[in-house]
Amino acid sequence: MLAAISLVISIAIHFIDPVLIYTSIIAQLGIFVLFIALLVVVGINIRKEVGGYWTFGEAFKAFLIISLILAITATLYNVILMKFIDPDLPQKAAAAIKEAQVNMMEKFGLGKEEIEEALAKSGNMEEKLEPSFKNILTSFGVSIAMYGVLSLILSAILKKKAPVSFNTQPPVEA
């Protein structure tokens with residue numbers, strides 16, 4: 001379900017502004033906060049379904065499976081988007097990122113020479129966004145690592161131990 005929500009949000013953002021997700025920190029943070037909230041809701045629902053108690057290990061395993069599905073879905077979506085739906089997107093996004101970086105550096109008062117040097121150091125953004133095997137694998141690995149850390153944090157927050165009972169007397173039969 002989260003993967004479907006992720007795809008709907010990604011498609012909607014792409015139709016609104018294809019390069020928004022690459023240039024807007026506010027959009028990136030908004031999506032990140034939304035997904036954390038959705039993961040918490042899903043985690044609480046899973047915990048309720050398994051009886052209301054969840055060990056750290058059970059929670060982590062569940063979040064890791066969810067994370068793997070989300071990472072695979074996002075990777076496949078990005079490959080399909082950049083290879084078939086909008087093959088010009090890496091060029092458009094690279095240009096938008098460069099423009100945003102230049103604007104930010106100008107606001108900080110950097111000169112033209114310093115800006116060109118900084119852009120040269122950052123490398124060719126279009127190559128970094130192109131859906132090559134290396135970039136796909138790198139993107140997937142980074143996603144898994146980020147989701148793994150998030151899974152650890154959410155598992156620690158949402159774990160809930162069953163209460164320990166010290167009742168040693170046998171039940172009374174009527």
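The text that follows walks through the structure, step by step, so that each part is easy to find. (Residues numbered from 1 in each chain as written. Predicted model: local features only at pLDDT ≥ 70, side-chain atom pairs only at ≥ 80, totals over all residues. Heavy atoms only, no water.)

**Let's talk about the side chain of S155**
Here S155 is to be found in helix α8 (residues 133-158). For S155, a relative accessible area of 0% puts it in the buried group. (Helix = DSSP H or I, 4+ residues; strand = E, 2+ residues; numbered from the N terminus. Buried < 20%, exposed > 50% of the residue type's maximum accessible area, 1.4 Å probe, protein only.)

**What about a nonpolar patch on the surface?**
A contiguous nonpolar patch, built from L68, I72, L76, I80, F84 and I85 and spanning about 600 Å² of accessible area, is present on the exposed surface. Along the polypeptide, F84 turns up in helix α4 (residues 56-85). (Patch = residues over 30% accessible without salt bridge, like charges linked within 9 Å, V, L, I, M, F, W, Y side chains within 5 Å. Areas by Shrake-Rupley, 256 points an atom, 1.4 Å probe, with all protein chains shown as cover. Salt bridge = Lys/Arg side-chain N within 4 Å of Asp/Glu carboxyl O.)

**A short note on the pattern of salt bridges**
Opposite charge on two side chains allows them to pair when their charged atoms are near. If you walk through the whole model with that rule in mind, you get 2 salt bridges. For K121, the salt bridge goes to E117, with nearest N and O atoms at 3.6 Å. You can see K121 and its partner E117 sitting in helix α6 (residues 112-122), 4 residues apart, about one turn around the helix.

**Here we look at the packing of helix α3 (residues 25-49) against α4**
In the contact formed by α3 and α4, the axes pass within 11 Å of each other and the chain directions differ by 135°. With respect to α4, the axis of α3 lies oblique. Along this stretch, α3 crosses α4, giving a crossing that reads as right-handed. Contacts between α3 and α4 pair L39, V42, G43 and I46 from the former with F63, I66 and L70 from the latter. Of the residues belonging to the contact of α3 with α4, the class tally is 6 nonpolar, 1 polar and no charged. (Axes fitted to C-alpha atoms, helices over the stretch in contact; angles between N-to-C directions. Parallel < 35°, antiparallel > 145°, perpendicular 65-115°, else oblique. Left-handed = near helix turned anticlockwise from the far one by under 90°. Contact = heavy atoms within 4.5 Å. Nonpolar A, V, L, I, M, F, W, Y, C, P; charged D, E, K, R; others polar.)

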